[in-house]
Amino acid sequence: MRLRQPIVVVLGHVDHGKTSLLDKMRGTLVAAREAGGITQHIGASLFPLDAIISTCKALLGEIKVQLKVPGLLFVDTPGHAAFANLRKRGGSIADLAILVVDVIKGIQEQTLESLELLKSRKTPFVVAVNKIDLIPGWKSVEYEPFPKALQRQSQAVRDELEQRIYTMVGELAGLGFRADIYTRITSFATTVAMVPVSAKSGEGIPDLLLVLLGLAQAFMKEQLTLHEDAPAEGVVLEITEEEGLGTTVNAIIYDGILKVGDRIALLGPEGAFTTKVKAILMPKPLDEMRDPRDKFKPVDHVLAAAGLKLVAEGLDKTYPGSPIYVIGQNESEVLERITKEVGEFRLFTDKVGVVLKADTLGSLEAAVNFLRERGVQIRVADIGEVSKRDIVEAEVVRMKDELSGVILAFNVKVDPDLEREANSKGIRVFKSNVLFRLVEEYTSWVKQEKDRRETAQFESLTKPGKIKILPGYVFRRSNPAIVGVEVLGGRIKPKYALMNSEGKHVGTISQIQDKGQNIPEATMGMSVAISMKEPIIGRHVKEGEILYTVIPENEARLLFKSFANRLTEDERAVLNEIAQIIRKNNPLWAR
Ligand SMILES: Nc1nc2c(ncn2[C@@H]2O[C@H](COP(=O)(O)OP(=O)(O)OP(=O)(O)O)[C@@H](O)[C@H]2O)c(=O)[nH]1
Ligand SMILES: [Mg+2]
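Residues numbered from 1 in each chain as written. Chains lettered and ligands numbered in written order. Predicted model: local features only at pLDDT ≥ 70, side-chain atom pairs only at ≥ 80, totals over all residues. Heavy atoms only, no water.

**A short note on empty space enclosed by the protein**
Inspection of the entire model under this criterion finds 2 cavities of 30 Å³ or more. Space inside the largest cavity adds up to approximately 80 Å³. What lines the largest cavity is Glu113, Glu116, Leu117, Ser120, Ala366, Asn369, Phe370, Leu435 and Phe436. Examining the composition of the lining of the largest cavity, we find that 4 residues originate from one element, helix H4 (residues 109–120), more than from any other. Classifying every residue of the lining of the largest cavity by side-chain character gives 5 nonpolar, 2 polar and 2 charged. Quantified by volume, the second largest cavity comes out at close to 30 Å³. (1 Å grid on protein atoms, 1.4 Å probe; cavity = no way out; pocket = protein on both sides within 12 Å on 5 of 7 lines; lining within 4 Å. Points joined across faces, edges and corners; volume = space filled by probe spheres on them. Helix = DSSP H or I, 4+ residues; strand = E, 2+ residues; numbered from the N terminus. Nonpolar A, V, L, I, M, F, W, Y, C, P; charged D, E, K, R; others polar.)

**Description of helix H9 (residues 361–373)**
An α-helix turns once every 3.6 residues. As a result, residues three or four positions apart point the same way. Taking 1.5 Å per residue as the helical rise, H9 with its 13 residues ought to reach 18 Å, and the 18 Å between its terminal C-alpha atoms agrees with that figure. Extensive coverage of H9 is indicated by the burial of 10 of its 13 residues. Positive backbone phi, approximately 70 degrees, marks Gly375, located one or two places after H9. (Expected span 1.5 Å × (residues − 1). Buried < 20%, exposed > 50% of the residue type's maximum accessible area, 1.4 Å probe, protein only.)

**A word on the confidence of the model for the chain**
Low-confidence regions, as indicated by low pLDDT, have predicted coordinates that should not be scrutinised in detail. When pLDDT is averaged along the chain, the result is 92; 97% of the residues meet or exceed 70. The least confident element of the chain is helix H3 (residues 79–83), whose mean pLDDT is 77; the most confident is strand S8 (residues 125–130), at 98. (pLDDT = per-residue confidence, 0-100.)

**Examining the site of ligand 1**
Close to ligand 1 lie 15 residues, the nearest being Lys18, Thr19, Ser20, Asp133 and Ala199. Between ligand 1 and Thr19 there is a distance of 2.7 Å, counted from an oxygen atom to a side-chain nitrogen or oxygen. Between ligand 1 and Ser198, the relevant distance is 3.5 Å, taken from an oxygen atom to a side-chain nitrogen or oxygen of the residue. Calculation on ligand 1 without its partners gives an accessible area of 640 Å², and the protein chains cover 66% of this total. In terms of residue count, helix H1 (residues 18–31) provides more of the shell around ligand 1 than any other element does, 3 residues in total. (Near = heavy atom within 4 Å. Polar contact = N/O pair within 3.5 Å; in protein donor to acceptor, adjacent residues only side chain to side chain. Areas by Shrake-Rupley, 256 points an atom, 1.4 Å probe, with all protein chains shown as cover.)

Here it is, written out as C-alpha cells:
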C-alpha cells in the first residue's frame, strides 16, 4: 500500500504570519539540502520526507515514529477565503491545516472564520501560535525546538507566554475546540495541538513539522492511500491567462493519476462540461529557468498529491472550486456525479428565502452550509456578481416576506447602480468578505426588524384597564358625562370602550384630563377625569362602579399568546379579570 503526501494548508487572520511561516519552514529544509530539496509545484510546495526527518533529527534527536508518508504538500497560503475552494464533496481536499494565530493579537475575525471553515469541512488542524519572539524579553535561537527555546527564557517571559496561550485555550474551548500545547497532549485524536513558533527566528518549526507528520501518520492512513491507477480527482484553484497558452487552470490533484490526453470533466456557470488535457505543466527548477517567461516544464503524467497547471480547450468556462474528474469508462456517470455534487448548493428554487451570490464554488458552498445551519431559507444561490435577475427574485420574495427579500453578496462586487435600484424597491443588499459577518449583519437586521414590528403591533393593541367611578366626583351627568375615576389596574386611553362587571358596554372614553389638561393615557394609581358621550350617570353607570376596557377578541388573544411578557403585572391581572367576565357568556373567548 502506497501513501501519498498529505495536503497541508496554512490559514488564519491577515498578517498573522502565514506566508512567513511557510517561508521559514522552507528555509530550514533548504538548509538540509543533502537530503533532497523542496520541489516547487504550482500553487504548492512539496517538502520531501527525508528532508523533514533530517531537519527534525538534527534538532530534536532520534525520532521514534515510523514515518511512511512521502512528504508534505503545502498549498501556498491560500488564506481563509481560498481555503473554501480546496473543496471536494463533503469536505476539503486539505488533509491537514495549520491555523496561524498571532500570539500578541490572539484570535481575530478571520481566525474565527477559519475555525468555522475547518469545522464544517472536518479538517484536522494544528494551531501555530506565531510571533513568540515578540514577547518582550524573548531570547531567540534560530530553529530551536520549542521546549528548549522555552527553557532559555526568563520566568517573566515564560509566564507571559503561558498566560497568552491559556487565554487562547479558553477562547477555543468557548468555540467548541479542546486545545493545548502539544507537549502536554496525551490524545492527539481529541485535542487540537498548539505549537508555539516564530516565523521570524524559527523556534518551534521542527516541532510543528513533526506534529504534522505524526498526525498524518496516526490518523489518516486510509485517506492517504494512493490509488495509483485510478482516474485522477482534483480541484480548480485558480483560472489564469498565460502568454502563448491561453486560459489555463492551476489545480491540485488529490487522488489517482492524471495523464496528458485524459478527458476530464469540470463545472462552470453553464454546467458540467468535458475537455481533453493538452498539457500538464510543473514549475521549472529555478536553475533551469533562463527566461522569466519560460516558467513551466511539461510532464506527461502526475500522481497525487500534486499542484499543477492544466492546458486544455474551454477552461475559461470553469470556476475556482470546480471538481476535476478524469473520465475513465463512463462519461455520463462522471457528468452526472459532478452535476449532482453541485446541485446541493447551487440553488434555483421558488422558496421564500434570500438570494445569495458568492465569488467561487467553494465560497458558495461554505455560505450555503453556513446559512442552512442557522435556519435561513435560500431561494437562489449562485456564483457571480449581483444581477438584475437577482433583484427580480428578491422582489418576488419580498412580496411574501419582507425580511427574506434581500440579497447577500459574499466576496462579490455589487454595482452601485444596481444596488440603488434594489434599494429603491426596498430590497437590502448585504455584502462582506467575511462570511460570518455577512450572515450576522443579516440576521441581526432581521431580529431588529422583527422587534420593531412586534413593538409597533403591541403598541396598537387595546390594553387591559380597570377603573372605579369615584363617588362624589360626577361633574356632568350626561352629554357628555364627565366623572372622576381612579385607575385600579392597567391603563385607559381615549377611544377605549368601557364595560361593566357584567360585560355590558357603557360607552367610549372621549378625553382624559388630569388637572384640566388632556392626557393620552392614565395608568394604575392615577386619579383623572374622563368624558364619555353615551352613558347617563346614575342610570347606565353608578357612582362607585367598577368599569373595564373592552378588548376586541383577536387583540386579547394576541395579548395572551404573544405579548404576555410585555404586559405589566397589573395589566396581566386585569386581562384575566376581563376574560373571566366575558367567558361567563362565551367560554371560548380569546382562547
Ligand atoms: N516578529 C515577527 N514578525 C513576524 C512573524 N511572522 C510574521 N511576521 C511579520 O508579520 C507581518 C505579516 O506576515 P505575513 O507572513 O505576510 O502574514 P500573512 O498571514 O501571510 O499575511 P496575509 O497573506 O496578508 O494575510 C510581516 O511583516 C512579517 O514580517 C514572527 O514570527 N515574528
Ligand atoms: Mg500571506
